[in-house]
Amino acid sequence: MNYTYIVLVLCYILYGCNEEDAISNDNSLAAIVATNTIAIDTVIACASSSKLDNHIAITYVYPRVGTTGLSYYETINATVDKNNYTNYRKIDIESSDVFNGYIKKFTRSTMQEKWVIITFFEDGILHLSNPIRLKHHTKPTEFLNMVDINRKTEQMPIFLWNDGVHKDNRIYFQVVSDNKNDLLSGTYTFEKQFQYYNLENVILNITTEMPPQLHPMNSYNFTLMGVSEDNWVNLFIEKGFTP
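Below you will find a few notes about this structure. (Residues numbered from 1 in each chain as written. Predicted model: local features only at pLDDT ≥ 70, side-chain atom pairs only at ≥ 80, totals over all residues. Heavy atoms only, no water.)

1. What about the sheet that holds strand β10 (residues 142-144)?
Then, number 1: Ordered by their spatial adjacency, six strands build an open sheet running β10-β18-β17-β13-β14-β16, and the pairing between neighbours is mixed. Of all strands in the sheet, those with a lone pairing partner are β10 and β16 (202-205), marking the two edges. Each neighbouring strand pair of the sheet contributes to a mean axis angle of 20°, computed without reference to strand direction.
Then, number 2: With eight bridges connecting them, strand β17 (residues 220-228) and strand β18 (residues 233-241) associate as antiparallel partners. Within β18, the residue paired with V227 across the bridge is V233. (Pairing = 2+ DSSP bridges. Helix = DSSP H or I, 4+ residues; strand = E, 2+ residues; numbered from the N terminus. Axes fitted to C-alpha atoms, helices over the stretch in contact; angles between N-to-C directions.)

2. Brief notes about the side chain of E74
Then, number 1: For E74, the position within the fold is in strand β3 (residues 68-74).
Then, number 2: At 2.8 Å, the side chain of E74 forms a polar contact with the side chain of R108.
Then, number 3: Excluding residues that lie within four positions of it along the chain, E74 makes contacts with N87, Y88, R89, I91, R108, K114, W115 and V116. (Polar contact = N/O pair within 3.5 Å; in protein donor to acceptor, adjacent residues only side chain to side chain. Contact = heavy atoms within 4.5 Å.)

3. Some points on the environment of K51
Then, number 1: By secondary structure assignment, the location of K51 is in the loop between β1 (38-49) and β2 (56-62).
Then, number 2: We classify K51 as exposed; its relative accessible area is 57%.
Then, number 3: Once the C-alpha coordinates of K51 and T141 are considered, the two residues, 90 residues apart in sequence, prove to be 8.2 Å apart.
Then, number 4: Those residues in contact with K51, other than ones at most four positions away along the chain, are F143 and E238.
Then, number 5: For K51, the side chain forms a polar contact with the side chain of E238, separated by 3.4 Å. (Buried < 20%, exposed > 50% of the residue type's maximum accessible area, 1.4 Å probe, protein only.)

4. Quick look at a nonpolar patch on the surface
Then, number 1: The grouping of F190, I203 and L204 at the surface amounts to a nonpolar patch, some 280 Å² of accessible area in total.
Then, number 2: With respect to the helices, strands and loops of the structure, L204 is situated in strand β16. (Patch = residues over 30% accessible without salt bridge, like charges linked within 9 Å, V, L, I, M, F, W, Y side chains within 5 Å. Areas by Shrake-Rupley, 256 points an atom, 1.4 Å probe, with all protein chains shown as cover. Salt bridge = Lys/Arg side-chain N within 4 Å of Asp/Glu carboxyl O.)

5. Quick word on the pairing of strand β8 (residues 125-129)
The two faces of a sheet get side chains in turn, since along a regular strand they alternate between them.
Then, number 1: With four of its five residues buried, β8 lies for the most part within the structure.
Then, number 2: Direction of pairing for β1 relative to β8: parallel, over a ladder of four bridges. Residue I38 lies in a different strand from β8, and its bridge partner there is L126.
Then, number 3: Two strands pair when backbone bridges link them, and strand β7 (residues 115-122) and β8 are joined in this way by four bridges, in the antiparallel orientation. Paired with F121 across the two strands is L126, which belongs to β8.
Then, number 4: Counting the residues that bridge the hairpin from β7 to β8 gives two residues, and of these D123 lies at a positive phi of roughly 55°.

6. Describing the environment of A39
Then, number 1: Tracing the chain through its elements places A39 in strand β1.
Then, number 2: On the accessibility criterion, A39 (17% relative accessible area) is buried.
Then, number 3: Each C-alpha atom of the pair A39 and S129 lies 8.9 Å from the other, and the pair is 90 residues apart in sequence.
Then, number 4: For A39, the residues in contact, after removing those within four places along its chain, are I125, L126, H127 and L128.

7. A few points about the sheet that holds strand β12 (residues 158-160)
Then, number 1: The antiparallel open sheet is built from three strands, whose spatial order is β11-β12-β15. In this open sheet, the two strands that pair with only one neighbour each are β11 (148-150) and β15 (193-195). Across the sheet, the mean angle separating the axes of adjacent strands is 15° when strand polarity is ignored.

8. Regarding the packing of aromatic side chains
Then, number 1: As enumerated under the stated definition, the model contains eleven aromatic pairs in all.
Then, number 2: Taken together, a centroid distance of 6.3 Å and an interplanar angle of 45° make the contact between Y60 and F236 tilted. One end of the pair, Y60, is in strand β2; the other, F236, is in strand β18, and 176 residues separate them in sequence. A single burial state applies to Y60 and to F236, both of which are buried.
Then, number 3: Clustering of aromatic rings is evident, with ring pairs tying together F159, W161, Y172, Y220, F222 and F241. (Phe/Tyr/Trp six-rings, centres within 6.5 Å; stacked < 30°, edge-to-face > 60°.)

9. Remarks on the pattern of salt bridges
Then, number 1: Under the defined criterion, the tally for this structure stands at nine salt bridges.
Then, number 2: Notably, a salt bridge pairs K114 with E74, separated by 3.5 Å at the nearest N-O pair. Remark: E74 occurs in strand β3 and K114 occurs in the loop between β6 (103-109) and β7; sequence separation between them is 40 residues. Each member of the pair, K114 together with E74, is buried.
Then, number 3: For the salt bridge of D97 with K104, the shortest nitrogen-to-oxygen distance reads 2.4 Å.
Then, number 4: Using a relative accessible area of 46% as the deciding quantity, one classes D97 as partly exposed.
Then, number 5: Taken together, the salt bridges that share partners define one network made up of E74, R108 and K114.

Pasting the structure below:
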């Protein structure tokens, strides 16, 4: 029996299988970036803890109308280089709806804190979020319902809040929604206040249509996220109100 021939055949088979596995399993962010035109820092996304489970991190993303291929990539831990796309692997988890689909979220159970990047395609371009640092163990999100509502201006309440335990918030995301959980306005400010629907201090607006006037007999909800520079939600406020 020609053992050399057998060994060569086995090596060829093993090499071929391994090479095929490497190609088919190359789900790194670097691989898809290498074959597409990309746009960086064009996906609005952040992440928070869960109220119910310390091992769960929830990543929120605004997918914009017409985008496709919404995907979630993460590193093995938080110590790797966040800017090296070879450190990110695609995780096949389905997104779910927030505010009836206006925003999407990925719910991920993980013992490790990681870096996350969200991607989608728009007009043939691969868009990437900035790296998001999960901190659900070392800096869990603070969930509160404390917000002051000034109703002096009819149908244009002013929402005012303070930082919670963590003081490193860089930006604040505000949502006003109706009793059906439909988003009426979605805005970002640097200031700890927002008036519905006054855009004077708004630095980013994801409201796609002019929102309706608030009816004094209806109930509404105010949601706030205080977000740090690395896109972690330190503060999460939810409060129902009437105008």
